[in-house]
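Coordinate analysis (summary)
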Amino acid sequence: MIRMKRSSAFFTALFISLNVRFGYDIYLDTTEQNALWSDNTNWKDYSTGNNPETAPNSNTVEADLWWNTTSVSVDGDYTLKMLGANRDTGCSEAIMGEVYINMKGSKSDGSDGSLTFDLANNSNGFAIDFLTSAYLENAKNLRFIFEGGSLNFTDTVSDTVRTAVIRSSGEAGSAGQFGTEYTKTTTFNTVINSTEHLAVQGWNYAGEGPITTFNFNGDINLYDAGASEYRNFTILGNNAGGTTLVSTVNIGASSNFVAASYKVCTNTETVIDGNVELYNTSATPMNEAFYVEKGGKATINGSLSLEATENKAMSVSGELILNGSLKSVNKGIEIYGKMTVNENATMSLSGGDPYLLVNGGELTLNNINKIDAARGLRIQNATVTFNSDALSSGTVLWMISNYSGGSGCVLNVNSNLNFNAFSWVQGNRTTINFADGVVITLDMLSKNRDDWGNVLTDDVLLTLNNFENGAIRVTSLDERDDLSLISADGFEDGSFKFVWHDETGNYWLEATAIPEPAAMSGILGAFALSLLALRRRRYPSVML
């Protein structure tokens, strides 16, 4: 019978004790290459030192890879409470820091093996916990590799959704003779299935190391078929108060990763080369399907699809670099930190309410594939830099009012731009910095949107830097636009107007230039000479 689970807060019971350590029941004690999991003589009981009657296969058993472990062949389908590693695992000279857990074709009939981690008797949720130090040269760059088969995470008892944690950590003082340079990498060339939320965590001690990396190269399915709900994925990084990078998660090019949400926490980083699909559609969804915390970083080289029934699709308080594609985004993307969209990146925002908001952050657009935000690019106390003609012709830029203490909106325009219009919210302050010779071409200067954004009126100010006549061009006019709210260095206030130009077939924004000081001096000098000549004609000299 499939147990139906009630949704729970994502981190409930996860952080009861992040620094908990376990007393293992049984450990793998053999130097044999590809030691068979099923061979009980390869295992020893911690309490007696004797071989157990059977190999570990129970949700009450915590199994440990001993210091001399080289590789183990999982030649069946086994269940554990938890799998750990001795602090010196990988130090054997025979393997120089590389430990294999092989499940590929490992059964006697040539089929793949599997490990299932059942949290029914695991109160803290740590399913895989590799604690190792770096006192020994051989383990300086430690690599755990799960090859083939499948890893499964579940709880066969709890009615609430649990969080299974994969942790890779050092220990206090473990930098030893190698300083902070040692690394730990755990690679999953295997399929992962989970009916529970899944988290990975790197752990070090205030910058002592290690830098931990998790590589996922197989398919990952965080889905509970019994509840018909997807589960959440989180990258955790803890370094006892330090600010250095702790955890890196790489989603390989061959991986298809399916979950409800994906969270990149402070001091962590992710690189997505494969395909990630997020369905934040449960009865109690996360606030966003994809979230990068302040101090976190995400790079998308592959593809990321986002679907949400409510709330936001994405929130970035740290840094996001998009080189690949954002697909099927049906809710808002909010940037509070920094986002860069590079040359060949694509963004598909359609259906629902797929706005793009930059709120107090930075957005840099280098893309040659147009962004079509059906509900607008919304800018509030933020900086957006256009290094390409990045927006579709139907996009509206919503310039939102400044919140208390905000510095206003800044648009750096380094490329010709073509989009629909601006829509101004009362109280907005916007500065547009033009690179030499660039032109913004619009259907209209501004338009009303949803009775919130409006034409250029009320308490709105627009400042243009490095402006030239014709740098803003529109196809049609709205007489409600108050052009007296526009100012530009070198031009007379109140002189802005739209002038039709037959050669381009649209209206140019133009104003009366204030003469440069040198030009003014020339004008005054010419005026003075004219006065002198006139005086001489009227009062000719008299010869005595």
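Bear in mind the structure is a predicted one, so any value in this text is a computation, not a measurement. (Residues numbered from 1 in each chain as written. Predicted model: local features only at pLDDT ≥ 70, side-chain atom pairs only at ≥ 80, totals over all residues. Heavy atoms only, no water.)

1. Focus: the pattern of salt bridges
Going through the model one piece at a time under the given rule, you end up with 13 salt bridges. The residue Asp 224 makes a salt bridge to Arg 231 at a minimum N-O spacing of 3.1 Å. Note on accessibility: Asp 224 and Arg 231 belong to one class, buried. One salt bridge connects Arg 429 with Asp 459, and the closest N-O pair in it is separated by 2.7 Å. (Salt bridge = Lys/Arg side-chain N within 4 Å of Asp/Glu carboxyl O. Buried < 20%, exposed > 50% of the residue type's maximum accessible area, 1.4 Å probe, protein only.)

2. Looking at the nonpolar core
When a protein is soluble and globular, its nonpolar side chains tend to lie buried together. Judged by nonpolar contacts, the single largest core of 115 residues is most densely connected at Tyr 262, Phe 290, Leu 326 and Leu 464. It is strand S10 (residues 141-154) that contributes the most residues to this core, 5 residues altogether. When neighbours within four sequence positions are excluded, Leu 326 is seen to be in contact with Ile 300, Leu 304, Leu 306, Met 314, Ile 333, Met 339, Thr 346, Met 347 and Ser 348. (Core = buried A, V, L, I, M, F, W, Y, C linked by side-chain atoms within 4.5 Å. Helix = DSSP H or I, 4+ residues; strand = E, 2+ residues; numbered from the N terminus. Contact = heavy atoms within 4.5 Å.)

3. Brief notes about the environment of Ser 315
Within the element layout of this structure, Ser 315 appears in strand S26 (residues 312-316). For Ser 315, a relative accessible area of 4% translates into the label buried. Linking Ser 315 and Glu 334, residues 19 residues apart in sequence, is a C-alpha distance of 4.8 Å. Beyond its immediate stretch of four places on either side in the chain, Ser 315 contacts Glu 288, Phe 290, Tyr 291, Val 292, Glu 334 and Tyr 336.

4. Regarding unusual backbone geometry
Here the phi dihedral of Ser 328 falls at roughly 55 degrees; this positive angle occurs in a residue that is not glycine. Structurally, Ser 328 can be placed in strand S28 (residues 325-329). By relative accessible area, which is 47% here, Ser 328 ends up partly exposed. Even without being glycine, Asn 466 reaches a positive phi, approximately 60 degrees.

5. Here's the deal with the environment of Asn 448
Along the chain, Asn 448 turns up in the loop between strand S42 (440-442) and strand S43 (461-465). Taking the relative accessible area as the measure of exposure, Asn 448 reaches 32% and is therefore partly exposed. Along the sequence, Asn 448 and Val 425 sit 23 residues apart, while their C-alpha atoms lie 9.5 Å from each other.

6. A look at the side chain of Thr 268
Looking at the element boundaries, Thr 268 is found in strand S21 (residues 268-272). Exposure remark for Thr 268: the relative accessible area of 1% places this residue in the buried category. Ignoring anything within four residues of it in the chain, the contact list for Thr 268 reads Ile 235, Leu 236, Gly 237, Leu 245, Ser 247, Gly 295, Gly 296 and Lys 297.

7. Concerning the environment of Leu 356
Relative to the assigned elements, Leu 356 resides in strand S32 (residues 356-359). When its relative accessible area of 2% is taken as the criterion, Leu 356 is described as buried. Taking the C-alpha atoms as reference points, Leu 356 and Gly 376, 20 residues apart in sequence, are found 6.5 Å from one another. Setting aside anything within four residues of it in sequence, one finds Leu 356 in contact with Ile 333, Ile 335, Met 347, Leu 349, Leu 363, Gly 376, Leu 377 and Arg 378.

8. Details of the sheet that holds strand S46 (residues 497-501)
Spatial strand order, S39-S42-S44-S47-S46: 5 strands in an open sheet with mixed pairing. Of all strands in the sheet, those bounded by a partner on one side alone are strand S39 (417-419) and S46. Between one strand axis and the next, the sheet turns by 25 degrees as a mean value, whatever way the strands run. Sheet topology note: the strand S44 (residues 472-474)/strand S47 (residues 506-510) ladder contains 2 bridges and is antiparallel. Bridged to Val 474 within S47 is Tyr 507. (Pairing = 2+ DSSP bridges. Axes fitted to C-alpha atoms, helices over the stretch in contact; angles between N-to-C directions.)

9. Considerations on the pairing of strand S24 (residues 297-300)
Sheet topology places S21 next to S24; 4 bridges connect them, and they run parallel. Each residue of the ladder has a partner; that of Ile 272, found in S24, is Ile 300. As paired strands, S24 and strand S27 (residues 319-322) are joined by 4 bridges and run parallel to one another. Within S27, the residue paired with Thr 299 across the bridge is Ile 321.

10. Notes on the packing of aromatic side chains
The description of two aromatic rings rests on the distance between their centres and on the angle between their planes. Scanning the entire structure with this criterion turns up 24 aromatic pairs. Here the aromatic rings of Tyr 223 and Tyr 230 are separated by 4.6 Å at their centres, their planes lie at 50 degrees, and the arrangement is tilted. With relative accessibility at 23%, the residue Tyr 230 sits in the partly exposed group. The interplanar angle of 25 degrees and the centroid separation of 5.0 Å between the aromatic rings of Phe 422 and Trp 424 together place this pair among those described as stacked. Here the two residues Phe 422 and Trp 424 agree in accessibility, since each one is buried. Site record: aromatic cluster; members linked through ring pairs are Phe 130, Phe 144, Phe 146, Phe 188, Phe 216, Phe 233, Phe 257, Tyr 262 and Phe 290. Residue placement shows Arg 167 over the ring face of Phe 126; its charged tip is 4.2 Å from the ring centre. The ring of Trp 398 has Arg 378 lying over it, and the distance from NZ or CZ to the ring centre is 4.5 Å. (Phe/Tyr/Trp six-rings, centres within 6.5 Å; stacked < 30°, edge-to-face > 60°. Lys NZ or Arg CZ within 6 Å of the ring centre and 35° of its normal.)

11. Quick notes on the side chain of Thr 70
Secondary-structure assignment places Thr 70 in the loop between strand S4 (58-65) and strand S5 (71-73). Since its relative accessible area comes to 2%, Thr 70 is described here as buried.

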